[in-house]
Amino acid sequence: MILINVTTNLKLGKPTSEEKYDIKVPNANMDIIDSNIKKLQDADRNFATNENLQEHTERRNNPHEVTKQQIGLDKVVNRQQIYGIPGTVTTGGIPVFDGNGYTVRDSGFTIGKSVPSHAVFTDTTYGIADDNAPGIIKPSDSIRVSSDGTASVADDSHSHDTQYYGKAEATLLHEKNLQDSKKYTDLKLSEHKAENTVQKQIVASLPTSGINANMIYLVPKTDASTHDRYNEYINLTGDTNGWEFLGNTYIDLTDYYNKSEANRIFFLNSNISQSNENSTNKVPSSSFLYSIIQQKNSQIQNLQNEISEINSNLANTAKTTIGTATKGEKFSHGALYYVRNGMCIVSLESTPSDAVSNGDVVLNGLPKPYGGGVIYLSLQTTNGNCYSAIIRTSGNLEIYFPAYTTASRIDTCFSYFTTV
């Protein structure tokens, strides 16, 4: 049987846990151990005892008659020996030679304390460092570190390259970068506000160039009424293929009966029905006709109410509102909101001045939530935390049992359906 795992010295077999037990393996190991023990017993008879060894090692008369040539001492110069350090010494101290050249004494300096543990002692003497040679750096020198980590002394006798700056120059450059960043941020915020602000413009006809996607174009109607004089359009693509007709509030009732026409038809139908039921063909009574007319008038009123509701919904569909919500007591800023097609969008950037708690008002005067209910939401902050919040039926945005009482600036945007 061949075993892969064996011991280092006697090569005894070491079966693994996956191998099946084989009696040959321990028997072979026993044979190897027995053979090696026998060799040790045979060899022990030729060994000296401890007493013999002790006696031999204590002899100082060169019992083996060893010469200095045999051990190489004939090649060694016989000079004064170095004396050891007398008395107490400093643990981890650095020894030095006295003036005689062979007496050693304690210097009083310690590796790792007085001298760094990684220090290398050389006889090199350094001058003032420059770009070509290492050396000592003056307090007035400026240090320049290249991209590969190599440090060198910057030459202050000429102007620096554009990639290096002195402290004062770097401070001015930092301030300029801050100002440029602020200007860029203000510009982008202004552009964002302009891009997301809906405007209105009355035009004789839809433009074919210079189309603004945030503009509602009002084109006069040829058959305008007193309360509906324009057709409203928006453009989704910025070219002549992107026009979308928003609609108008006019409803064509050409195929509908008016009140007097409906009353007349209902009266005739009722009269005919009454005549068919009356074998004597008498004229219907006035009370019967009145009840029929009342019933039909009620149906007509219901139809007119439905038409009014449709007109109101159409008017609200094209309605756009932009407003401002004021800030709460503990917060730094209010917010603009934009309502279109019943959807309110709020952009909020505000910083709490103190720890917040349940019920603290963030914004006042938001549009009321649709359906008269409340809306729960989460306000994202710049440090990654969130405030739990609620929009009340009053239109107030309030903190609602926050998990965190302090946070950095709230910077978020949210939307909800409203009745505006």
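In what follows, the accompanying structure is described.

Another point: the packing of aromatic side chains. This structure, assessed with the given rule, holds four aromatic pairs. Taken together, a centroid distance of 5.0 Å and an interplanar angle of 80° make the contact between tyrosine 400 and phenylalanine 401 edge-to-face. Members of the aromatic cluster, connected to one another through ring pairs, are Tyr376, Tyr400 and Phe401.

As paired elements, strand S13 (residues 375-380) and strand S14 (residues 386-391) share six bridges and run antiparallel to each other. Bridging across to S14, serine 378 finds its partner in serine 388. Between S13 and S14, which pair antiparallel and follow one another directly, the connecting turn spans five residues, one of which, glycine 384, has a positive phi of 95°.

A word on unusual backbone geometry. A positive phi angle is found at lysine 11, which is not glycine, with a value near 60°. By the element assignment, lysine 11 lies in the segment before helix H1 (24-44).

Looking now at the sheet that holds strand S10 (residues 335-340). Spatially, S13-S14-S15-S12-S9-S10-S11-S16 is the arrangement adopted by the eight strands of the open sheet, whose pairing is antiparallel. Strands at the two margins of the open sheet, each flanked by one partner only, are S13 and strand S16 (410-417). Here the strands of the sheet are splayed against their neighbours by 25° on average, with no regard to which way each runs.

Our next topic: the nonpolar core. Within the largest apolar cluster, 22 residues are counted, with the highest numbers of intra-cluster contacts made by Val346, Val362, Leu363, Leu366, Leu379, Leu397 and Phe414. The set of elements that each furnish at least two residues to this core consists of S10, strand S11 (343-350), strand S12 (361-364), S13, S14, strand S15 (397-399) and S16. Here leucine 397 is in contact with Leu348, Asp360, Val361, Val362, Leu363, Leu366, Leu377, Leu379, Ala389, Ile390, Ile391 and Phe414, once residues within four sequence places are set aside. Formed by seven residues, the second largest nonpolar core is a distinct cluster that contains Val203, Met215, Tyr217 and Tyr233.

With that settled, consider the pattern of salt bridges. It is possible for side chains bearing opposite charge to pair when their charged atoms get close. Following the criterion strictly, the structure yields seven salt bridges and no others. The partner of aspartate 186 in a salt bridge is lysine 182, with the nearest N and O atoms 3.1 Å apart. Of this pair, aspartate 186 and lysine 182 both sit in helix H3 (residues 167-195), four residues apart, roughly one helical turn. On the accessibility criterion, aspartate 186 (38% relative accessible area) is partly exposed. As a salt-bridge pair, glutamate 349 and arginine 409 come within 3.4 Å of each other at their nearest N and O atoms. Of the two residues, glutamate 349 sits in strand S11 while arginine 409 sits in the loop between S15 and S16, which places them 60 residues apart along the sequence. Judged by its relative accessible area of 31%, arginine 409 is partly exposed. Here the salt bridges share partners, and the residues they tie into one network are Glu349, Arg409 and Asp411.

On inspection of all chains with the given rule, the structure shows zero disulfides. Left without a disulfide partner, cysteine 413 is nearest to the cysteine sulfur of cysteine 344, which lies 9.6 Å away.

What counts, and at which threshold
- Residues numbered from 1 in each chain as written.
- Predicted model: local features only at pLDDT ≥ 70, side-chain atom pairs only at ≥ 80, totals over all residues.
- Heavy atoms only, no water.
- Phe/Tyr/Trp six-rings, centres within 6.5 Å; stacked < 30°, edge-to-face > 60°.
- Pairing = 2+ DSSP bridges.
- Helix = DSSP H or I, 4+ residues; strand = E, 2+ residues; numbered from the N terminus.
- Axes fitted to C-alpha atoms, helices over the stretch in contact; angles between N-to-C directions.
- Core = buried A, V, L, I, M, F, W, Y, C linked by side-chain atoms within 4.5 Å.
- Buried < 20%, exposed > 50% of the residue type's maximum accessible area, 1.4 Å probe, protein only.
- Contact = heavy atoms within 4.5 Å.
- Salt bridge = Lys/Arg side-chain N within 4 Å of Asp/Glu carboxyl O.
- Disulfide = S-S within 2.5 Å.

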